[in-house]
Amino acid sequence: MRSLLTEEQRAFWEKSQRYARQELAPLAKALGEVNVVPEVLRRSLAASGLYAPLFPREYGGSGLSPVKICLAREALAGVYGPADTTYAMQGLGSQPIVLAGSPEQKTSYLPSLARGERLTTFALTEPGAGSDVSSMGSLAEEVEGGFLLTGRKRFISNGYSADMAVVFARTPTRENPNAISAFLLEKGMRGFDVLRRLEPTASHDLVEFRLDGLRLPKESLIGPLGQGFPLAMQTLELMRMSVGAAAVGMAQAALEEALAWAKGRVQFGKAICEFQGVSFQIADAATETQAARALVYLAALKKERGAEDASIFSSMAKLFATEAAFRCIDKAVQVHGGMGVLRGSRVEQLYREIRPLRIYEGTSEIQRLVISRNLLKSIQGSRG
């Protein structure tokens, strides 16, 4: 993969790996599994310089780069899940502003987000609207001077720790009764709070937001009224392939654990790596990890170069990498035997961390729908 990167990208890869191994790994060991973003982790990520590819140069970043985003997430996820989640949400919660924010919104928010001084999140999912965004119930009614926002948002990552959020709500009009718009919210606003904290299988800051008669000024609207749905989809498309990169990082970590264990564990008078049943599982895991990595960075390169088929490859990368990583980590658990299912072992932790990746930012089933529809559309177009 590195042979496909530019000199600048290779330098960023080395920077990401160095940070993850030398600074993040000791921090992860000290913090353990957490359901918040500790202040020490916030400061560490802010100082790492890894947020830069999420933002344009004029607002404190290094220029939007899907390849570098993937490089950062692969490095972070392989070492500490909460760090990767924080990075991902900084991307998801900032991209709507990058893509459609007003000059005032960009100036007010992007520089501090790029520096890591603020944390943000992305609130799209609801109790009654997961994959089916059109079922969204949150409503933003136009009132004098702005909007009145009411509703619920569920499964919001970093929702407890974030300082602000991009929230999507219905803004029906006569022309489009199903219109959705995006809004900027800040913690502390009256009517915007954490209704409850959720407890997933792996360490994760996950909440349900309550929007209760929240009055927003008209300046809180991101982009034109009713353009929230395409804005959300553009944001997800950019970050979706990076979910695959995070999965690759986890698979690589599990592979390394399996290799070390198989070389050191002795049974029947020899290291278990000498048994074909074990060595074949490691070989399959290594092959799938490399295949996933190749597809992820192919998708990232296509997106970076503006290829017309970048969207379908983004879905392919997310689908294949998350499913393959789950299989690889499962093999690593199997290689460890009983030690692999003890809570607190690294492979057991990875087993819990990888599972949500097959669901969030579009389930594997949704990715298959996106891929098949794009393929069928391209066939119909060529025949036409």
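Presented here is an overview of the structure given in this document. Just so it is clear, the model here is predicted, and its values are computed rather than measured.

Considerations on the packing of helix α1 (residues 7-31) against helix α3 (residues 66-77)
As a packed pair, α1 and α3 sit with axes 9 Å apart at the nearest point and diverge in direction by 20°. Relative to α3, α1 is oriented roughly parallel. In this structure, α1 meets α3 at a crossing whose hand is right-handed. In this structure, α1 contributes E8, Q9, F12, W13, S16, Q17, Y19, A20 and L24 to the contact, and α3 contributes V67, K68, L71, A72, A75 and L76.

Considering empty space enclosed by the protein
This model, assessed by the stated rule, comprises three cavities of 30 Å³ or more. The calculated volume of the largest cavity comes to roughly 110 Å³. Lining the largest cavity, in full, are G81, P82, D84, T85, A202, S203, H204, M250, E353, P356, L357 and Y360. Among the elements that take part in the lining of the largest cavity, helix α4 (residues 81-92) stands out by supplying four residues, more than any other. Across the lining of the largest cavity, the residue classes break down as six nonpolar, four polar and two charged.

Considerations on α4
Over its twelve residues, α4 extends 16 Å from the first C-alpha to the last, a length consistent with the 16 Å expected when each residue adds 1.5 Å. Within α4, twelve of the twelve residues are buried, which leaves it mostly tucked inside the rest of the structure. When we look at burial in α4, the residues that qualify are G81, P82, A83, D84, T85, T86, Y87, A88, M89, Q90, G91 and L92.

What counts and how
Residues numbered from 1 in each chain as written. Predicted model: local features only at pLDDT ≥ 70, side-chain atom pairs only at ≥ 80, totals over all residues. Heavy atoms only, no water. Axes fitted to C-alpha atoms, helices over the stretch in contact; angles between N-to-C directions. Helix = DSSP H or I, 4+ residues; strand = E, 2+ residues; numbered from the N terminus. Parallel < 35°, antiparallel > 145°, perpendicular 65-115°, else oblique. Left-handed = near helix turned anticlockwise from the far one by under 90°. Contact = heavy atoms within 4.5 Å. 1 Å grid on protein atoms, 1.4 Å probe; cavity = no way out; pocket = protein on both sides within 12 Å on 5 of 7 lines; lining within 4 Å. Points joined across faces, edges and corners; volume = space filled by probe spheres on them. Nonpolar A, V, L, I, M, F, W, Y, C, P; charged D, E, K, R; others polar. Expected span 1.5 Å × (residues − 1). Buried < 20%, exposed > 50% of the residue type's maximum accessible area, 1.4 Å probe, protein only.

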